[in-house]
Amino acid sequence: MGKDDRLAERTTDTTATGPGGPSEGADRTEAGRSGAGRTTALLVAAGLVLTALNLRPAVAGLGPLLEEVRAGLGMSGTVAGLLTSAPALCFALFGGLAPRLARRFGPTAVVAGAMLVLALGLLLRPLAGGTAAFLATSALALGGIAVGNVLMPVLVKRWFPDRVGTMTGLYSMALALGTAAAAALTVPVVRALGADWRFGLGMWAGLALLALLPWTAVLLRHRATERARTSAPAGSASVESAPVGPGAPTGETPAAELRITRSRTAWALGVFFGLQATGAYVVLGWLPQILRDAGVPATTAGVLLAVTMGMGVPLSFVLPRVAARLGHQGPLVAVLGLSGLAGYLGLLFAPAAGAWAWALLLGVANCAFPLVLTMIGMRARTHAGVIKLSGFVQGTGYLLSVPGPLLVGVLHDAFGGWRAPLTMMAGLVVVQMAVGVVAGRDRCVEDDAAVRH
């Protein structure tokens, strides 16, 4: 029996409260035996993919244009470092709101709202006339992404409890594809149209609006289902109202009983998440500039960033499926960490000569992100546990990652080069491997006795 199958056996679910809550659970649990449920599940899958495509272009499209943005807005290296730290800071601050919003309105409605907020931020950011306005509109867009980040594992666990590895791999692959596309296409599109950096950053709003479509369809179907239930004669049974199959409500322990901050497993995941996020946002924000300073042309630097992100397209689909079948994810943590260590040392000693090799190695290392997302789904037995764990791990992790990109800019200005920042990143990878081995143990947060009242 595979790991995913064991997860399906031990997974339980709760019915969310508020708009979009009860009907989501009913639709999901009926996916296996009604055409309506299957259609809704397909819409959810489409929503997951389209949402994932939107979770990084706001950041990945900025890296190749960072020099132009700095010139246009008069940014120093330290302020640019703050800008590259903004994603992690916003993900930490706004991501913590996601579990509360999901309990009140249902995760589907909240993710739909997050995509609308993202589109608004992306449309307003190019209109900024100064650094403060640019940071504020960036924060608006990143707030939408933050909520989507936290709720993606929740939606996977809710709708596909017996396919956690596969569905996590699917949306992780889409996330990597969106990241690579933004990194590779932003500069060429801007130059082909004779536009400037403002158009290059704003054009990704259309993709966010596209992601609204499947979630809107799911919400409309839920509303129609609720109306049908309300108008049905008393005592009659709707085909959508009898939850069955994996994940049906079975008396799950309330989420309030989980004191997640007392779980060693949760803390290990949070620190691992924070260190891998530090590496990811340093690469997204600074890799093109590191390469350009080494003599690599701007277009090539953007392509190399796309290669780095593009490595996640196939690997992000495969890794979660492999991880879900392993009893301990420590070996995968080590392989990814060693790739990152080699990539940073390569940039330190031969940035231009081996640029393609370092891009590939850092791309492999960045796949620690889909790995840790998979572990979030595996380290809690219940839907309520996954909501709490995802919010805690991502909130804590992104908060820990905030200083990294900022320190890169500060160290670069202080030492006049990239030697000190890259040495720091190599050291952080070693720590990441150590804590990741602990996080990879086959253990759930519910197993930590101290987490319960």
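Computed from a predicted model, the values in this text were never measured in an experiment.

K.L.:
Explain empty space enclosed by the protein to me, please; I cannot follow it from the model alone.
P.N.:
Over the atoms a probe the size of a water molecule is rolled, and this reveals where empty space is left. Across all of its chains, the model carries 5 cavities of 30 Å³ or more by this definition. What the largest cavity holds in volume is close to 230 Å³. Around the largest cavity, the lining is made up of 20 residues, and of these L175, T179, M309, N366 and F369 lie nearest the centre. Breaking the lining of the largest cavity down by element, the ones donating at least two residues are α10 (164–192), α13 (264–293), α14 (298–310), α15 (312–323) and α18 (368–378). For the lining of the largest cavity, the element with the most residues is α13, which contributes 5 residues. Here the residues of the lining of the largest cavity are counted per class, giving 11 nonpolar, 8 polar and 1 charged. Forming the boundary of the second largest cavity are 15 residues, of which Q276, G279, Y344, V429 and Q432 lie nearest the centre.

K.L.:
How should I be thinking about the side chain of T51 in this particular structure?
P.N.:
Position of T51 relative to the elements: it lies in helix α3 (residues 35–53). At a separation of 2.7 Å, a polar atom in the side chain of T51 contacts the main-chain carbonyl oxygen of G47. In this structure T51 touches V111, M115, M152, A211 and W215, once residues within four positions along its chain are discounted.

K.L.:
What is the right way to read the side chain of S263 from this model?
P.N.:
As for its placement among the helices and strands, S263 is situated in the loop between α12 (205–231) and α13. Of the residues examined, S263 reaches a relative accessible area of 0% and is grouped as buried. Here the side chain of S263 touches A266 through a polar contact of 3.1 Å, landing on its backbone nitrogen.

K.L.:
Please explain the packing of aromatic side chains as it appears in this structure.
P.N.:
The relation between two aromatic rings is expressed through the spacing of the ring centres and the mutual angle of the planes. Summed over the entire model, instances satisfying the criterion amount to 8 aromatic pairs. Aromatic pair F91 and Y281: ring centres 5.8 Å apart, planes at 65 degrees, arrangement edge-to-face. Pair noted here: F91 is in helix α6 (residues 77–95) and Y281 is in helix α13, with a separation of 190 residues, a long-range link. The exposure class assigned to Y281 is buried, which follows from its relative accessible area of 3%. One aromatic cluster is present, formed by F91, F273, Y281, F369 and Y398 through successive ring pairs. The positively charged end of R56 is found above the aromatic ring belonging to F369, 5.1 Å away from the centroid.

K.L.:
Before we go on, may I ask you to explain the environment of T261 in this structure?
P.N.:
Among the secondary structure elements, T261 is positioned in the loop between α12 and α13. The exposure class of T261 is partly exposed, given its relative accessible area of 48%. Remark: the alpha-carbon pair of T261 and F392, spanning 131 residues in sequence, is separated by 7.9 Å. For T261, the contacting residues outside a window of four places in its chain are W267 and F392.

K.L.:
Please clarify how the confidence of the model for the chain should be interpreted in this entry.
P.N.:
Residues shown with low pLDDT carry predicted positions that ought not to be read at fine detail. A residue-level look at the chain finds 84% of positions with pLDDT of 70 or above and a mean pLDDT of 80. Throughout residues 1–34 the model reports pLDDT below 50, and contacts reaching past four residues in sequence, or to other chains, amount to 110 contacts. In the model, residues 235–253 has pLDDT below 50 throughout and makes 43 contacts with residues more than four positions away in sequence or in other chains.

K.L.:
Before we go on, may I ask you to explain the pattern of salt bridges in this structure?
P.N.:
Here the idea is simple: oppositely charged side chains can pair when their charged atoms come close. As enumerated under the stated definition, the model contains 1 salt bridge in all. Residue R292 is joined to E68 by a salt bridge in which the shortest nitrogen-to-oxygen separation is 3.8 Å. Separated by 224 residues along the polypeptide, R292 in helix α13 and E68 in helix α5 (residues 66–73) bring together distant segments of the chain. The class for R292 is buried, based on a relative accessible area of 19%.

K.L.:
Any chance you could explain the nonpolar core here in plain terms?
P.N.:
A general feature of soluble globular proteins is that nonpolar side chains tend to end up buried together. Of all hydrophobic cores here, the largest spans 127 residues; its most connected members are L48, V69, F134, L389 and Y398. When residues of this core are assigned to their parent elements, the largest contribution, 15 residues, is made by α13. Those residues in contact with V69 that sit more than four places away from it in its chain are L62, G74, M75, F134, W197 and L201.

How each quantity is defined
Residue positions are given per chain, counted from 1 along the sequence in the order it is written. The model is predicted, so local features are restricted to residues of pLDDT at least 70 and side-chain atom pairs to those at 80 or more, both for listing and for counting; the totals for chains, interfaces and linings are taken over all residues. Excluding hydrogens and water, the side-chain figures rest on all heavy atoms present in the structure. Cavities and pockets were defined on a 1 Å grid built from protein atoms only: a cavity is a group of points that admits a 1.4 Å probe but offers it no way out, a pocket is an open group of points flanked by protein on both sides within 12 Å along at least five of seven lines, and a lining residue is one with an atom within 4 Å of any such point. Grid points are joined across faces, edges and corners, and a volume is the space filled by probe spheres set on the points. Elements are defined by DSSP. Helices are runs of H or I of four residues or more, strands are runs of E of two residues or more, and each kind is numbered from the N terminus. Three classes are used: nonpolar for Ala, Val, Leu, Ile, Met, Phe, Trp, Tyr, Cys and Pro, charged for Asp, Glu, Lys and Arg, and polar for all others, with Gly counted as polar. Pairing of N or O atoms within 3.5 Å defines a polar contact, subject to two protein rules: one partner must be a possible hydrogen donor and the other a possible acceptor, and residues neighboring in sequence count only if both atoms are side-chain atoms. Whether two residues touch is decided by their heavy atoms; if any such pair falls within 4.5 Å, the residues are in contact. Buried residues are those whose accessible area, probed at 1.4 Å on protein chains only, stays under 20% of the maximum for their type, while exposed residues exceed 50% and partly exposed ones sit between those limits. Aromatic rings from Phe, Tyr and Trp, with only the six-membered ring used for Trp, were paired whenever their centres fell within 6.5 Å, and each pair was classed as stacked if the ring planes differed by under 30 degrees, edge-to-face if by over 60, and tilted otherwise. A positively charged side chain is recorded as over a ring if its NZ (Lys) or CZ (Arg) lies within 6 Å of the ring centre. The angle to the ring normal must also be within 35 degrees. pLDDT: the predictor's confidence for each residue, scored from 0 to 100. What counts as a salt bridge is simple: a side-chain nitrogen of Lys or Arg found within 4 Å of a carboxyl oxygen of Asp or Glu. Among buried residues, those of type Ala, Val, Leu, Ile, Met, Phe, Trp, Tyr and Cys that are joined through side-chain atoms within 4.5 Å constitute a nonpolar core.

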